[in-house]
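Letter by letter, the chains look like this.
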Amino acid sequence: MPVPQRDVAIVLAGGHVNGAFTATGFLKRLRESSLWPRVGTIFATSSGGLVGTFAALDRLDDLEKFLLGLQPSDIFRPRPLFAVLFRGPQEFVLPATVVKRVGPLEHLAEELSIASRELVVIVTDIGGAAQESRQIQRFPLRQFEVAYSSRTTSPQVMANAIFASAAIPGYVEPIVVDGVIGVDGGWVRNYPLAHAFERLEVSTIVSCSHRSGVSTPKGDGFVASALKPALPFLKPFRYVPGIGTLVGELEQALERRQRGFPVDLTDVLLRLGSITITRNMAFEDILADEKDRSVDALFALEHDVRTMARASGGDGNLDSAIAARFLAADFAFRHDRKLERFEVCVTPPRGIDLDPGPRRLRPWRMEEKRALIARGYALTDQALRTRGIR
């Protein structure tokens, strides 16, 4: 049987918990299409890293089973209030859950190292350890960004990178990845489209994004949400030194929430993070569109110049010289081929949101989880049918 041409790249944007479920539906539908045997590389950020791990191994049924069994306490565990400002409001227990229900992620990473599909995950370097690398020197826009490939990274490091890519700053502590202090890759590249463009073997890019926009964070902020239940008990003691100040600050924080203002400092940081992620996704689209337009313009320019040269009496040697000069032109964009590219933008069904707030960890209902997977599947099916892809 001939080996399929691996010229399709999948790009999985970060999308927190909702995104993990909808991306699973996206991948399930893609697996049923003619594109799936051609998939050679999966580029992923944040929750897309773990989802992409199962996809690269063609174990989507195992992924769906794992996700359907998840509850918030399997991912985050609230820390005591005194630890919030020092270590984040949540303990990141997802790695332990994966070990318990799937097995050590290092074992999956070992399978990835010899799999027919490559996985590349993006991590934000907040320690600066990787800033002198050749990659950074060649691509200055990749400062504080590290890409880990299952082809070139040891299984232990790759396992840490997958978890670090989903370690949301402000929620959990960073994860050390081979000397790099790593956090969620979404802060630098939540939508790793540019990495797919740089692979010369790629002719088609299929991406899954989650563009819900910037919204006011849910809940009452880290500190306010933890103290709010105690407010009725504290009010009778508001004239006791110290308690009155605390009650006043808490009441002002909750009043700010009513006016749409940030409740506390961590609320501000979360909003800034949401803005950063939304903007870097938009820039990724803009750069990709500009590359496409540049390729089209270059091809049209070459055609016009060669046509004018022939019309003015130029011989075959001049035509060849013009073609060679265009081919040798060192443009910043990739001009040697035109990529087919389409994006499936998945938003949760109305009324369904599994992303936990800083302290809110309500149980997830099975029908909600299945609805998110079905949403990703349906929107992908629509996108494929629109393009005539079976």
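None of these values were measured; they are calculated from a predicted model.

(A) Here's a closer look at the overall build of the protein. Summing up its helical and strand segments, the protein has 16 helices and ten strands in all. Here the protein holds 390 residues, and 49% of them are scored as buried. The long-range fraction of contacts in the protein, counting pairs at least 24 apart against all pairs at least 6 apart in sequence, stands at 76%. Of the roughly 19100 Å² that the protein leaves accessible, carbon and sulfur atoms contribute 58%.

(B) Examining the UniProt feature "active site" (unreviewed entry) in the protein more closely. In the numbering used here, UniProt assigns the feature "active site" (unreviewed entry) to Ser46 and Asp184. Spanning 139 residues, the named residues form one tight spatial group whose C-alpha atoms are at most 5.7 Å apart. By secondary structure assignment, the location of Ser46 is in the loop between β2 (39-45) and α2 (47-56). For Ser46, a relative accessible area of 4% gives the class buried.

(C) Representation of the nonpolar core. Ile10, Leu12, Phe26, Leu27, Leu119 and Tyr148 are the most contacted members of the largest nonpolar core, which has 71 residues in total. Grouped together as the second largest cluster of nonpolar side chains are 16 residues, Ala9, Phe197, Ala288 and Leu339 included.

(D) Quick peek at helix α13 (residues 243-258). For α13, with 16 residues, the first-to-last C-alpha span of 23 Å sits near the 22 Å given by 1.5 Å per residue. For α13, the complete set of buried residues consists of Gly244, Val247, Gly248, Leu250, Ala253, Leu254 and Arg257. The positive-phi residue at the C-terminal boundary of α13 is Gly260, with phi of around 85°.

(E) Geometry of the packing of α2 against helix α6 (residues 105-113). Close contact between α2 and α6 brings their axes to 10 Å; oriented N to C, the two are set at 50°. When the interaxial angle is binned, α2 and α6 end up oblique. Crossing hand, α2 versus α6: left-handed. Side by side, α2 and α6 meet where Leu50, Thr53, Phe54 and Ala56 of the first sit next to Leu105, Leu108 and Leu112 of the second. Considering only residue class, the contact of α2 with α6 consists of six nonpolar, one polar and no charged.

(F) The confidence of the model for the protein, seen in detail. Confidence in the prediction of the protein, expressed as mean pLDDT, is 85, and 87% of residues score 70 or more. Per-element mean pLDDT across the protein ranges from 52 in helix α7 (residues 134-138) up to 98 in strand β1 (residues 8-12).

(G) Region of interest: a nonpolar patch on the surface. Residues Leu265, Val268, Leu269, Leu272 and Ile275 make up a contiguous nonpolar surface patch of roughly 440 Å² in combined accessible area. For Ile275, the position within the fold is in helix α14 (residues 265-311). Among the residues examined, Ile275 registers a relative accessible area of 39% and is labelled partly exposed.

(H) Up close: the environment of Glu91. As for its position among the elements, Glu91 is in strand β4 (residues 90-92). Residues Glu91 and Arg79, spaced twelve residues apart in sequence, show a C-alpha to C-alpha distance of 6.3 Å. Discounting residues that sit within four places of it in the chain, Glu91 has contacts with Ile75, Phe76, Arg77, Arg79 and Val172.

(I) Summary view of the packing of aromatic side chains. A full pass over the atoms with the stated rule returns two aromatic pairs. With a centroid separation of 6.5 Å and 20° between ring planes, the pair formed by Phe54 and Phe66 is classed as stacked. Residue Phe54 is found in helix α2, and its partner Phe66 is found in helix α3 (residues 60-68); the two are separated by twelve residues along the sequence. Its relative accessible area of 2% is what places Phe54 among the buried residues.

(J) Main features of the side chain of Asp7. Tracing the chain through its elements places Asp7 in the segment before β1. Relative accessible area serves as the criterion here: at 5%, Asp7 is assigned to the buried category. A distance of 2.9 Å separates a polar atom in the side chain of Asp7 from a polar atom in the side chain of Arg38. A polar side-chain atom of Asp7 sits 2.7 Å from a polar atom in the side chain of Ser203. Excluding anything up to four places from it in sequence, Asp7 contacts Arg38, Glu201, Val202, Ser203 and Thr204.

(K) Quick peek at the environment of Val11. Following the sequence through the fold, Val11 ends up in strand β1. Sequence separation between Val11 and Ala194 is 183 residues; the distance between their C-alpha atoms is 9.6 Å.

(L) Representation of the pairing of strand β5 (residues 118-125). With eight of eight residues buried, β5 is to be regarded as a mostly interior element. Taking every second residue as pointing to the same face, both faces of β5 are buried, with Glu118, Val120, Ile122 and Thr124 on one and Leu119, Val121, Val123 and Asp125 on the other. In this sheet, β5 lies alongside β2 in parallel orientation, the contact comprising five bridges. Bridged to Phe43 within β5 is Val120. One ladder, built from five bridges, connects β5 with strand β6 (residues 145-149); its direction is antiparallel. From the neighbouring strand, Val120 faces β6, where its bridge partner is Ser149.

Criteria and thresholds
- Residues numbered from 1 in each chain as written.
- Predicted model: local features only at pLDDT ≥ 70, side-chain atom pairs only at ≥ 80, totals over all residues.
- Heavy atoms only, no water.
- Helix = DSSP H or I, 4+ residues; strand = E, 2+ residues; numbered from the N terminus.
- Buried < 20%, exposed > 50% of the residue type's maximum accessible area, 1.4 Å probe, protein only.
- Contact = heavy atoms within 4.5 Å.
- Areas by Shrake-Rupley, 256 points an atom, 1.4 Å probe, with all protein chains shown as cover.
- UniProt positions renumbered as here; feature names shortened; annotations may be inferred.
- Core = buried A, V, L, I, M, F, W, Y, C linked by side-chain atoms within 4.5 Å.
- Expected span 1.5 Å × (residues − 1).
- Axes fitted to C-alpha atoms, helices over the stretch in contact; angles between N-to-C directions.
- Parallel < 35°, antiparallel > 145°, perpendicular 65-115°, else oblique.
- Left-handed = near helix turned anticlockwise from the far one by under 90°.
- Nonpolar A, V, L, I, M, F, W, Y, C, P; charged D, E, K, R; others polar.
- pLDDT = per-residue confidence, 0-100.
- Patch = residues over 30% accessible without salt bridge, like charges linked within 9 Å, V, L, I, M, F, W, Y side chains within 5 Å.
- Salt bridge = Lys/Arg side-chain N within 4 Å of Asp/Glu carboxyl O.
- Phe/Tyr/Trp six-rings, centres within 6.5 Å; stacked < 30°, edge-to-face > 60°.
- Polar contact = N/O pair within 3.5 Å; in protein donor to acceptor, adjacent residues only side chain to side chain.
- Pairing = 2+ DSSP bridges.

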